[in-house]
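Chains, contacts and geometry: an overview
Okay, here's what each chain looks like letter by letter:
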Amino acid sequence: MRTIQSMEEKYLLPSLELVEQVFTDHESAGEGKLVRSLVEEIRSKKYYLPELELIMVEDREVIGYVMFSRFHLEGKYEDELLILTPAAVKTQCQRQHISKALIEYGFEKAKALGYKAVIVEGNPMNYRSRGFVTSADYGIVPGPKLHLPAIECLMVKELVPGSLEYIRGTVDYSMYKTLT
């Protein structure tokens, strides 16, 4: 049976290994190590929300992973805005709606915790169906150090209707050494 839950200590290392393996399989060994380092760094920062580091477990094995963490734009909105990064599903289990289930569960949990919106950087084809839209259309723009393949790769989703009417600013990852 597959279950979704918040992170537990016994799954900290297996989830890191899953993230590294998935990004190694689909990108490169360097990308796998980078994303693993990012997860470790987020866990060490004030932006980390253990209740929003979510895993799907089957037979005591982590097969899916997503992390939502607090995020700010130019020092504002950190109690309202989350970033979704990374998301990973065991290669052999992909195309089974695992990331969809984890992300949707995360939206509900985040909304219950009072968060208003979520940003994500990635392939729009992977996130449009989850309700994400191009963030630049709402005044949330990439900073000069973000090198996106296209402006549409930076997206946002309202958890609370109308919240994007006042959340504006530039996305900058300088709070994370891993990304600079």
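Our subject is the structure listed above.
What counts and how
- Residues numbered from 1 in each chain as written.
- Predicted model: local features only at pLDDT ≥ 70, side-chain atom pairs only at ≥ 80, totals over all residues.
- Heavy atoms only, no water.
- Axes fitted to C-alpha atoms, helices over the stretch in contact; angles between N-to-C directions.
- Helix = DSSP H or I, 4+ residues; strand = E, 2+ residues; numbered from the N terminus.
- Left-handed = near helix turned anticlockwise from the far one by under 90°.
- Contact = heavy atoms within 4.5 Å.
- Nonpolar A, V, L, I, M, F, W, Y, C, P; charged D, E, K, R; others polar.
- Pairing = 2+ DSSP bridges.
- Core = buried A, V, L, I, M, F, W, Y, C linked by side-chain atoms within 4.5 Å.
- Buried < 20%, exposed > 50% of the residue type's maximum accessible area, 1.4 Å probe, protein only.
- Salt bridge = Lys/Arg side-chain N within 4 Å of Asp/Glu carboxyl O.

Before going further, it helps to spend a moment on the packing of helix 1 (residues 12-26) against helix 2 (residues 29-44). At a minimum axis distance of 7 Å, the contact between helix 1 and helix 2 shows a crossing angle of 145 degrees. Judged by the twist between their axes, the crossing of helix 1 over helix 2 is right-handed. In this structure, helix 1 contributes Leu12, Leu13, Ser15, Leu16, Glu17, Val19, Glu20, Phe23 and Thr24 to the contact, and helix 2 contributes Ala29, Glu31, Gly32, Lys33, Val35, Arg36, Val39, Glu40 and Arg43. For the contact of helix 1 with helix 2, a count of residues per class yields eight nonpolar, three polar and seven charged.

This part is about the sheet that holds strand 6 (residues 133-134). Read across the sheet, seven strands follow the order 1-2-3-4-5-8-6 without closing on themselves; strand pairing throughout is mixed. Looking along the sheet, the strands with just one partner apiece sit at the ends: strand 1 (2-6) and strand 6. Where strand 5 (residues 117-121) lies against strand 8 (residues 154-158), five bridges are found, and the strand directions are antiparallel. From the neighbouring strand, glutamate 121 faces strand 8, where its bridge partner is leucine 154. Seen against the sheet, helix 1 touches strand 2 (53-58), strand 3 (61-70) and strand 4 (81-89) and runs at an angle of roughly 75 degrees to strand 4.

Moving on, we come to the nonpolar core. The biggest cluster of nonpolar side chains holds 38 residues, and the ones touching the most others in it are Tyr65, Phe71, Leu73 and Val171. Secondary-structure elements contributing two or more residues to this core are helix 1, helix 2, strand 2, strand 3, strand 4, strand 5 and strand 8. Here the element with the most residues in this core is helix 1; it accounts for five residues. Grouped together as the second largest cluster of nonpolar side chains are 23 residues, Cys93, Ile103, Val118 and Tyr127 included.

This part takes up the pattern of salt bridges. This model, assessed by the stated rule, comprises eleven salt bridges. Put simply, glutamate 78 and lysine 46 hold a salt bridge, and the shortest N to O gap is 3.7 Å. One end of the pair, glutamate 78, is in the loop between strand 3 and strand 4; the other, lysine 46, is in the loop between helix 2 and strand 2, and 32 residues separate them in sequence. By relative accessible area, which is 18% here, glutamate 78 ends up buried. By relative accessible area, which is 54% here, lysine 46 ends up exposed. Between aspartate 79 and arginine 70 there is a salt bridge, and its shortest N-O distance comes to 3.9 Å. Classification of aspartate 79 by relative accessible area gives exposed; the value is 55%. Three or more residues joined by partner-sharing salt bridges are found here, namely Lys46, Arg70, Glu78 and Asp79.

As a further point, take unusual backbone geometry. With omega at -10 degrees, the peptide bond leading from threonine 85 into proline 86 counts as cis. Within the fold, proline 86 resides in strand 4. Positive phi outside glycine occurs at arginine 95, with the angle close to 70 degrees. Turning to its location among the elements, arginine 95 is positioned in the loop between strand 4 and helix 3 (98-112). A relative accessible area of 82% places arginine 95 in the exposed class. Positive phi outside glycine occurs at histidine 97, with the angle close to 65 degrees. One can find histidine 97 in the loop between strand 4 and helix 3.

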